[in-house]
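Here's the letter readout for the chains.
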Amino acid sequence: MNAQQYEESFLLAEKLITQNPPDFARAIPLLCEAAEAGHIEAAFQLAGYLIEHHENEQDLAIAVEYLKQAARAGHPYAHYNLLQLQENNGAEVETLISAYQELAEEGLAPAQLRLMRLYADNGNDQEAVKWALKAAEQQNPQAQYFLAQHYQYSSSPDLEYSHKLYQQSAAQGFIAAHWQLGLQYKLGQGVAQNPEKAIEHLRIAADRVLRGRRQDVACVNTAALNYRSRLELAFLDL
């Protein structure tokens, strides 16, 4: 097969994975062929599948090798995921900061968010805000929420700007931002008091939290009925 054929195999694999229901049985061999031929995105996608569905340490080791392959070719998310794996395996985060900074300076939002959190946890507000601003420039709702909190509770608060940032974050579905907007409309912080809007945003936040809990319960019940030997819960960081 030539490069064009491997690209076609990768595109077909993507289609099989994203269809409903996904057809992993057909997609994974296609990803393997393309990755072995040097297709970088195929290597990255295959690594992600193996990490999520690995059954033993060998599967995980193979996933890491595919991630390294993609990272060597300049895939920024592969590099970031390798750093995350190192953290999960107990690496001192201080030894990884320079690598996160390199990715963050290239514009990778997850790396900017990681630095934001690291510096915030260490009490370095200046650096935390610096990276939050960069991620917010890419319309990241977590960064917008972080900055809204900063401008609301800093020693020189700007409640109107805080309100604007909460609105931007909430518009992208960030639940905590809806809660904060509800409180601001209720108390008149950075905006005129508006009981109707307060109720609107608080209801959105409460409904989404309850909906998430109902989905968790449904997953547990389904697992029990199907006698699954293992229940894996995957959490998404927005």
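(A) Quick look at the overall build of the protein chain. On a plain count of helices and strands, the protein chain comes out with 12 helices and zero strands. Shown N-terminal to C-terminal, the secondary structure of the protein chain runs as helices and strands in the order α-α-α-α-α-α-α-α-α-α-α-α. Of all 238 residues assigned to the protein chain, the portion counted as buried reaches 33%. The contacts in the protein chain between residues at least 6 apart in sequence include a share of 39% that link residues at least 24 apart.

(B) The pattern of salt bridges, seen in detail. Applying the stated criterion to the full structure yields four salt bridges. With its nearest N and O atoms 3.8 Å apart, the salt bridge here joins lysine 68 to glutamate 65. In this pair, lysine 68 and glutamate 65 both sit in helix H4 (residues 57-72), three residues apart, roughly one turn of the helix. A relative accessible area of 44% means that glutamate 65 is categorised as partly exposed. When the shortest N-O distance is used, the salt bridge between arginine 114 and glutamate 87 registers 2.8 Å.

(C) Main features of the side chain of arginine 114. When you line up the elements, arginine 114 lands in helix H7 (residues 109-121). Every residue in contact with arginine 114, bar those within four places of it in the chain, is listed here: Tyr80, Gln84, Glu87, Val93 and Tyr100.

(D) Layout of the nonpolar core. Among the nonpolar cores identified, the biggest contains 32 residues, and Tyr100, Ala111 and Leu115 are the most heavily contacted of them. For alanine 111, the contacting residues outside a window of four places in its chain are Tyr80, Tyr100, Leu103 and Ala104. Ranked by size, the runner-up nonpolar core spans 22 residues in total, among them Ala13, Leu16, Ala70 and Leu82.

(E) How the structure looks around the packing of helix H10 (residues 159-170) against helix H11 (residues 175-187). Here H10 crosses H11 at 140°, and the two axes come no closer than 8 Å. Looking at the two axes, H10 sits oblique to H11. Where H10 crosses over H11, the handedness of that crossing is left-handed. Contacts between H10 and H11 involve Leu159, Ser162, His163, Tyr166, Gln167, Ser169 and Ala170 on the former and, on the latter, Ala177, His178, Gln180, Leu181, Gln184 and Tyr185. Its residues assigned to classes, the contact of H10 with H11 shows six nonpolar, seven polar and no charged.

(F) Inspection of the packing of aromatic side chains at higher detail. Scanning the model with the defined rule gives five aromatic pairs in all. Ring pairing ties together the aromatic residues Tyr145, Tyr166 and Phe174, which thus form one cluster.

(G) Spotlight on H10. Look at H10: 16 Å from first C-alpha to last across 12 residues, which is about the 16 Å you get at 1.5 Å a residue. When H10 is considered as a whole, its buried residues turn out to be Ser162, His163, Leu165, Tyr166, Ser169 and Ala170. Projected down its long axis, H10 shows its buried positions confined to an angular sector of 165°, all on one face.

(H) Inspection of the packing of helix H9 (residues 141-153) against H10 at higher detail. Where H9 meets H10, the axes come as close as 8 Å, and the angle between the chain directions of the two elements is 160°. In terms of orientation, H9 and H10 fall into the roughly antiparallel class. Considering how the two elements wind past one another, H9 and H10 form a crossing that is left-handed. Contacts between H9 and H10 involve Pro141, Gln144, Tyr145, Leu147, Ala148, Gln149, Tyr151 and Gln152 from the first element and Leu159, Tyr161, Ser162, Leu165, Tyr166, Gln168 and Ser169 from the second. Across the contact of H9 with H10, the residue classes break down as nine nonpolar, six polar and no charged.

(I) View of the confidence of the model for the protein chain. Looking at the protein chain as a whole, its pLDDT mean stands at 87, while 88% of the residues score no less than 70. This model gives residues 216-238 a pLDDT under 50, and the stretch forms 11 contacts once residues within four places in sequence are excluded.

(J) Seen up close, unusual backbone geometry. Going from asparagine 20 to proline 21, the amide bond is cis rather than trans, its omega being 0°. Here proline 21 lies in the loop between helix H1 (3-18) and helix H2 (24-36). Here glutamine 139, not a glycine, exhibits a phi torsion of approximately 65°, which is positive. If you trace the backbone, glutamine 139 turns up in the loop between helix H8 (125-137) and H9. What makes glutamine 139 partly exposed here is its relative accessible area of 45%.

Reading the values: rules and limits
- Residues numbered from 1 in each chain as written.
- Predicted model: local features only at pLDDT ≥ 70, side-chain atom pairs only at ≥ 80, totals over all residues.
- Heavy atoms only, no water.
- Helix = DSSP H or I, 4+ residues; strand = E, 2+ residues; numbered from the N terminus.
- Buried < 20%, exposed > 50% of the residue type's maximum accessible area, 1.4 Å probe, protein only.
- Contact = heavy atoms within 4.5 Å.
- Salt bridge = Lys/Arg side-chain N within 4 Å of Asp/Glu carboxyl O.
- Core = buried A, V, L, I, M, F, W, Y, C linked by side-chain atoms within 4.5 Å.
- Axes fitted to C-alpha atoms, helices over the stretch in contact; angles between N-to-C directions.
- Parallel < 35°, antiparallel > 145°, perpendicular 65-115°, else oblique.
- Left-handed = near helix turned anticlockwise from the far one by under 90°.
- Nonpolar A, V, L, I, M, F, W, Y, C, P; charged D, E, K, R; others polar.
- Phe/Tyr/Trp six-rings, centres within 6.5 Å; stacked < 30°, edge-to-face > 60°.
- Expected span 1.5 Å × (residues − 1).
- Arc of directions from axis to C-beta.
- pLDDT = per-residue confidence, 0-100.

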